[in-house]
Amino acid sequence: MARAGSPALGSLVAFVLLTLLAVTVVVRGGGTLFGDRDLLEWSLAHRPDLAVTLARMVTHSGTGFVPYALVALAGSLLGRTARQRIQAAAACLVCLVAAQAVRFSVMALLSRPRPATALWATDAGHWSFPSGHTTTSAITAGLLVLAVWTRAPRGRYPIAAAVGCWGVLVGLTRVYLGVHWFSDVVGGWLFAMWWLGLVAYGVARFAPDAWAQVRRGAGTVRPGEALLPGIPGPGSEGGFIRGKVGIASESDCGAPPPSAALPGVECHVRAAEADRIPLPPERDVSQR
């Protein structure tokens, strides 16, 4: 249970901050918070056509088919066997769909209006807080980073950084295109952090084997670790139910003679001779 403490703590901190931000939005009657108008005005003053086109491409990747396809990909990477890949992909999709349902409920409850439509540089719908594109892309990026960090043997740092930057950029484009306040984007990030931490805690609490497999990462075998499930490596102690079985290393067989061609050959020869079964003497059948 101790390993579940970190996701639970992170989820709790994000939930508290999200709650404080939501309460502030309600107290202000859905109005702007510190920095909202300044960032929107800056965006309006810096909108060349190329930048707007690129921003639209990035922002559209945070909704629709793309996030769900990426989430399914993350699940398929987390599994080891075909069955595990299907189960993990389905679990990741359920995670994202459930998050959308909760987010829609929060948006409807707070009913914060968006900036004026005359300032929009792309289409938008529903209420403003928390940002839907931001929440969706942040959850998707979090699951992808987890999958890459768990399974990628090399290059996981740049891949994880690229995925994280994509998740952040989708949120920032919502402010740049004038369809969200910056506090909406912050709310989306906090919502995603809270939700991912809550899901991680749930997996660690109710499916500890699956959580332990994720934490093991790519599964490189170190001295003393299991080579296969239930089979300890050389020189390790394997715990089986209530007892422990000690696995002796090859060094316990004694030092080989100097004339031995390979280290440890003498040890294996002695073991083979001990296991040899004596056979009856052969008879000469030619004299029958």
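Colleague: Which parts of the structure should I look at to understand the overall build of the protein chain?
Modeller: Counting its regular elements, the protein chain contains ten helices and four strands. Of the regular secondary structure in the protein chain, the N- to C-terminal order runs α-α-α-α-α-α-α-α-α-β-β-β-β-α. For the protein chain, the residues scored as buried account for 34% of the 288 residues in total. Relative to all contacts within the protein chain whose residues are 6 or more apart in sequence, the contacts with residues 24 or more apart total 69%. A total of about 17700 Å² of accessible surface is found on the protein chain, and carbon and sulfur atoms cover 66% of it.

Colleague: I'm lost on a nonpolar patch on the surface in this one. Help?
Modeller: On the surface, a cluster of nonpolar side chains totalling about 640 Å² of accessible area is made up of Leu9, Leu12, Val13, Phe15, Val16, Leu17 and Leu20. Checked against the element boundaries, Phe15 lands in helix H1 (residues 5-27). The class for Phe15 is partly exposed, based on a relative accessible area of 38%.

Colleague: I'm lost on the packing of helix H5 (residues 82-110) against helix H8 (residues 182-206) in this one. Help?
Modeller: Between two packed helices, the angle of one axis relative to the other and the distance separating the axes together describe the packing. Interaxial distance between H5 and H8 falls to 11 Å at its minimum, and their mutual angle equals 135°. With respect to each other, H5 and H8 are oriented oblique. Between H5 and H8 lies a crossing whose hand is right-handed. For the pair H5 and H8, contact is made by Cys95, Ala98, Ala99, Val102, Arg103 and Val106 and by Phe191, Trp194, Trp195 and Val199, respectively. Of the residues assigned to the contact of H5 with H8, the class counts are nine nonpolar, no polar and one charged.

Rules behind the numbers
- Residues numbered from 1 in each chain as written.
- Predicted model: local features only at pLDDT ≥ 70, side-chain atom pairs only at ≥ 80, totals over all residues.
- Heavy atoms only, no water.
- Helix = DSSP H or I, 4+ residues; strand = E, 2+ residues; numbered from the N terminus.
- Buried < 20%, exposed > 50% of the residue type's maximum accessible area, 1.4 Å probe, protein only.
- Contact = heavy atoms within 4.5 Å.
- Areas by Shrake-Rupley, 256 points an atom, 1.4 Å probe, with all protein chains shown as cover.
- Patch = residues over 30% accessible without salt bridge, like charges linked within 9 Å, V, L, I, M, F, W, Y side chains within 5 Å.
- Salt bridge = Lys/Arg side-chain N within 4 Å of Asp/Glu carboxyl O.
- Axes fitted to C-alpha atoms, helices over the stretch in contact; angles between N-to-C directions.
- Parallel < 35°, antiparallel > 145°, perpendicular 65-115°, else oblique.
- Left-handed = near helix turned anticlockwise from the far one by under 90°.
- Nonpolar A, V, L, I, M, F, W, Y, C, P; charged D, E, K, R; others polar.

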